[in-house]
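If you want the building blocks of each chain, they are given just below.
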Amino acid sequence: MMTIDRYAVFGHPIKHSKSPRIHRLFAEQTGQSLEYTAQDVPAEQFQSAATAFFTAGGKGLNCTVPLKGLAWAFADSKTERAQLSQAVNTLAVQADGSILGDNTDGKGLVTDLTANHAIDLTGNRILILGAGGAGRGIIGPLLEQAPHSIVIANRTVEKAVDLAQAFHHKGVVSGCGFDDLQSRQFDLILNATSASLSDQLPPLPDGLLAENGVCYDLAYGNEPTAFVRWGLRQNAAKSLDGLGMLVEQAAEAFFIWRGVRPETRPVIELLNSERQA
Ligand code: ATR
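Residues numbered from 1 in each chain as written. Predicted model: local features only at pLDDT ≥ 70, side-chain atom pairs only at ≥ 80, totals over all residues. Heavy atoms only, no water.

Student: Give a detailed account of the domain arrangement of the chain, specifying residues and quantitative values.
Tutor: Segmentation of the chain into domains returns domain 1 (5-103 + 245-276) and domain 2 (106-241). Computed from C-alpha atoms alone, the centre-to-centre distance between domain 1 and domain 2 is 24 Å. With 16 residues of domain 1 at the contact, the number on the domain 2 side is 21 residues. When domain 1 packs against domain 2, close to 1,600 Å² is buried across both sides, 51% of that on carbon and sulfur atoms. (Domains from an automatic or database assignment. Contact = heavy atoms within 4.5 Å. Buried area = accessible area lost by both parts, 1.4 Å probe.)

Student: Mind laying out the environment of Val260, listing which residues take part and the relevant values?
Tutor: By the element assignment, Val260 lies in the loop between helix 9 (243-258) and helix 10 (265-276). The partly exposed category is assigned to Val260, whose relative accessible area is 24%. Sequence separation of Val260 and Ala27 is 233 residues, and the distance between their C-alpha atoms is 9.7 Å. In this structure, Val260 is in contact with Thr30, Gln32, Phe254 and Phe255, ignoring residues within four places of it in sequence. (Helix = DSSP H or I, 4+ residues; strand = E, 2+ residues; numbered from the N terminus. Buried < 20%, exposed > 50% of the residue type's maximum accessible area, 1.4 Å probe, protein only.)

Student: Just give me the short version of the packing of aromatic side chains, but keep the residues and values in it.
Tutor: Pairs of aromatic rings are described using the distance from one ring centre to the other and the angle between the two planes. This structure, assessed with the given rule, holds 9 aromatic pairs. Between Tyr7 and Trp257, the ring centres sit 4.7 Å apart and the planes meet at 35°, which makes this aromatic pair tilted. Residue Tyr7 is found in strand 1 (residues 5-11), and its partner Trp257 is found in helix 9; the two are separated by 250 residues along the sequence. The buried category is assigned to Trp257, whose relative accessible area is 13%. Ring centres of Phe54 and Phe74 lie 6.2 Å apart, and the angle between their planes is 20°; this geometry places the pair in the stacked category. Residue Phe54 is located in helix 2 (residues 46-55), and its partner Phe74 is located in helix 3 (residues 68-74); the two are separated by 20 residues in the primary sequence. Three or more aromatic residues joined by ring pairs form one cluster here, namely Phe10, Phe46, Phe53, Phe54 and Phe74. Positioned over the ring face of Trp72 is Lys78, at 4.3 Å from the centre of the ring. (Phe/Tyr/Trp six-rings, centres within 6.5 Å; stacked < 30°, edge-to-face > 60°. Lys NZ or Arg CZ within 6 Å of the ring centre and 35° of its normal.)

Student: Would you mind going over the site of the ligand in detail, with residue names and values included?
Tutor: Around the ligand, 13 residues are found, and the nearest of them are Ala131, Asn154, Arg155, Thr156 and Lys159. In this structure, Lys159 approaches the ligand through a side-chain N or O atom, which is 2.6 Å from an oxygen atom. Within the side chain of Gln200, a nitrogen or oxygen atom sits 3.2 Å from a nitrogen atom of the ligand. Relative to its unbound accessible surface of 650 Å², the ligand loses 72% to contact with the protein. Residues of the shell around the ligand, tallied by class, amount to 3 nonpolar, 8 polar and 2 charged. (Near = heavy atom within 4 Å. Polar contact = N/O pair within 3.5 Å; in protein donor to acceptor, adjacent residues only side chain to side chain. Areas by Shrake-Rupley, 256 points an atom, 1.4 Å probe, with all protein chains shown as cover. Nonpolar A, V, L, I, M, F, W, Y, C, P; charged D, E, K, R; others polar.)

Student: I'd like to hear about the sheet that holds strand 7 (residues 125-129), residue by residue, with values.
Tutor: With parallel pairing, the 6 strands of this open sheet are ordered in space as 9-8-7-10-11-12. This sheet does not close on itself; its edge strands, each paired only once, are strand 9 (173-176) and strand 12 (238-240). Taking the axes of each pair of neighbouring strands and ignoring which way they run, one obtains an average angle of 20° across the sheet. As defined by bridge partners, strand 10 (residues 186-191) adjoins strand 11 (residues 209-217) across 5 bridges and the pair is classed as parallel. Within strand 11, the position partnered with Leu188 by the bridge is Val214. Against the sheet, helix 6 (residues 133-143) engages strand 7, strand 8 (149-153), strand 9 and strand 10, with an angle of about 170° to strand 7. (Pairing = 2+ DSSP bridges. Axes fitted to C-alpha atoms, helices over the stretch in contact; angles between N-to-C directions.)

Student: Any details on the pairing of strand 2 (residues 34-40)? Residues and values, ideally.
Tutor: With 7 bridges joining them, strand 1 and strand 2 adopt parallel strand pairing. Looking at the pairing, Tyr7 lines up with Tyr36 of strand 2. Following the backbone out of strand 1, through helix 1 (residues 19-30) and into the adjacent parallel strand 2, one traces a crossover that is right-handed. (Right-handed = clockwise from strand over helix to strand, strands pointing away.)

Below is the structure:
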């Protein structure tokens, strides 16, 4: 009997996840036969739900808020980028039955910026707002683009300083509080705080964004987020949200699982047109 390869995204909440739709579009486009579902899994149930999924023959999982740290601990082995970010968004069964943990968020962000939006990060002064799990996952891949420097600003200053310390060996990274941003300028400002989810903004001084600078919110919504609106008020050359990153990180996970790289542009265009409708 033919069995279909099963994949899923775990998270809490998960109702509005676009991942099943994205992976089904990828599967259709590449002629891959697979099933991809969404499962509401609170943190305390993650271990048993993931074990049950893989024991029943599941091939791969995406893990989203609040499970990325738990998925990191769950994986038998980790890629270097997952190890550094201490967060895993993709679990994949290996040939020997062990579970590999990877983090495709940072790669997804960089691909969206560089390939989809033609933004060259070389020599850029980059500011990351937030020092939680979302910020942690993007620092390594951003540093690989040879920016001038990365500053991490966070409400809890100590977390930003600690996070910067973890990446010192990879490039020029420093941590600070929002008060320390007065009279500084950046070419790219990324919002990795969860403030957007409640339509809030960290306190940001005017003049923070350099001329022709770009703003990017890792979060996304049907309406422009508070940070995307801030970027537009600051005359950003582009003020983007994370829909492209979402599709790109999914494409990277799909490649890990299936060995096939889907085309992301038509999927991004479709999702964009749907939210504008
Ligand atoms: P995630 O995994 O999504 O990054 P997280 O680890 O809970 O979630 O981190 C949330 C980030 O958003 C943190 O950097 C948090 O700042 P603190 O470390 O000081 O808590 C930041 N954050 C959340 N709400 C915020 C707000 N209203 N203003 C500024 N920063 C906020």
